[in-house]
Amino acid sequence: MTNERRPAAAETRIQSAIAELQRCLQTRFPDATFVVTEGEDPEGTYLVVTVDVEDTDEVVEVVRDQLFRMQVEEALPLYLVPALPLARVAEQLRGRAELGASALPPVLPL
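The structure contained in this document is the topic of the report that follows. Per-chain numbering applies: the sequence of each chain, read as written, is numbered from 1 onward. Local features in a predicted model are, by the rule used here, given only for residues with pLDDT of at least 70; side-chain atom pairs are given and counted only at 80 or more, and totals for whole chains, interfaces and linings are based on all residues. With hydrogens and water set aside, each side-chain value is computed from the structure's full complement of heavy atoms.

## Brief notes about the side chain of Glu 20
At step 1: Helix and strand definitions here come from DSSP, where helices need a minimum of 4 consecutive H or I residues and strands a minimum of 2 consecutive E residues; each element is numbered from the N-terminal end. Considering the arrangement of structural elements, one finds Glu 20 in helix 1 (residues 8–28).
At step 2: Within the structure, Glu 20 has its side chain in polar contact with the side chain of Arg 69 (distance 2.6 Å).
At step 3: In this structure Glu 20 touches Arg 13, Gln 66, Arg 69 and Met 70, once residues within four positions along its chain are discounted. A 3.5 Å cut-off defines polar contacts: any pair of N or O atoms within that distance qualifies, except that in protein one atom must be a possible hydrogen donor and the other a possible acceptor, and neighbouring residues in sequence count only when both atoms are side-chain atoms. By definition in these notes, contact holds between two residues if any of their heavy atoms fall within 4.5 Å.

In structure tokens:
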């Protein structure tokens, strides 16, 4: 993905940084999938990584230091967005619905 607003050298560095993060994440999460997109809030490149885990914080933890270096020391507008697969989200929603239904008192017929 190329961003015409960025100089070619910056775009090359972003692509290299994305590849670095992907390699690191796939070492820990071999089934991870990635989507790269441009965003506006804040403006930059977003690496969306989908991983089937209980807590997405563990995904961020794997690349936290690298991402900090890229964002702060190298001033790259690159952001990581961890996401869960739809099946995991549906499972979590079903679990919440079951908890909610069991916590309510039974409805008596009139």
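## Focus: the pairing of strand 3 (residues 78–83)
At step 1: In this structure, strand 2 (residues 43–50) lies alongside strand 3, joined through six bridges in parallel fashion. Along strand 3, the bridge assignment pairs Tyr 46 with Tyr 79.
At step 2: Call a crossover right-handed when, viewed with both strands pointing away from you, the route from the first strand across the helix to the second goes clockwise. The parallel pair strand 2 and strand 3 is bridged by helix 2 (residues 57–73), and the resulting crossover is right-handed. Pairing between two strands requires that DSSP report at least two bridges joining them.

## Some details on the pairing of strand 2
At step 1: As judged from the eight bridges shared by strand 1 (residues 33–40) and strand 2, these two strands associate in the antiparallel manner. Looking at the pairing, Phe 34 lines up with Val 49 of strand 2.
At step 2: Two successive antiparallel strands, strand 1 and strand 2, enclose a turn made up of two residues.

## Re the pattern of salt bridges
At step 1: One speaks of a salt bridge when a side-chain nitrogen belonging to Lys or Arg is within 4 Å of a carboxyl oxygen belonging to Asp or Glu. Counted by the stated rule, this structure contains eight salt bridges.
At step 2: Of the charged contacts in the structure, one is a salt bridge between Arg 64 and Glu 61, with a shortest N-O distance of 2.9 Å. With Arg 64 and Glu 61 both in helix 2 and three residues apart, the pair spans about one turn of that helix.
At step 3: Measuring nitrogen to oxygen at the nearest pair gives 3.7 Å for the salt bridge that ties Arg 64 to Asp 65.

## Things to note about the packing of aromatic side chains
At step 1: Each Phe, Tyr or Trp ring (for Trp, its six-membered ring) is paired with any other whose centre lies within 6.5 Å, and the angle between the two planes then decides the class: stacked below 30 degrees, edge-to-face above 60, tilted in between. Counted according to the given criterion, the structure contains one aromatic pair.
At step 2: Each ring, one from Tyr 46 and one from Tyr 79, has its centre 5.1 Å from the other, and the planes form 35°; the classification is tilted. Within this pair, whereas Tyr 46 is found in strand 2, its partner Tyr 79 is found in strand 3, the two being separated by 33 residues in sequence.
At step 3: When accessible area is computed with a 1.4 Å probe and restricted to protein chains, residues below 20% of their type maximum are described as buried, those above 50% as exposed, and intermediate ones as partly exposed. In this structure Tyr 46 comes out as buried when scored by relative accessible area, which is 13%.
At step 4: Note on Tyr 79: relative accessible area 23%, which makes it partly exposed.

## As for the sheet that holds strand 3
At step 1: In spatial order, the strands read 1-2-3; together these three strands make up an open sheet with mixed pairing. Because the sheet does not close on itself, it has two edges, and the strands there are strand 1 and strand 3. Strand-to-strand twist in this sheet, taken as the mean axis angle between neighbours without regard to direction, amounts to 25°.
At step 2: Where helix 1 meets the sheet, its contacts fall on strand 1, strand 2 and strand 3, and the angle it forms with strand 2 comes to roughly 20°.
At step 3: Lines fitted to C-alpha atoms define the axes, with helix axes restricted to the stretch in contact, and inter-axis angles between N-to-C directions lie between 0 and 180 degrees. Contacts between helix 2 and the sheet are confined to strand 2 and strand 3, with strand 3 contributing the most and set at about 170° to the helix.

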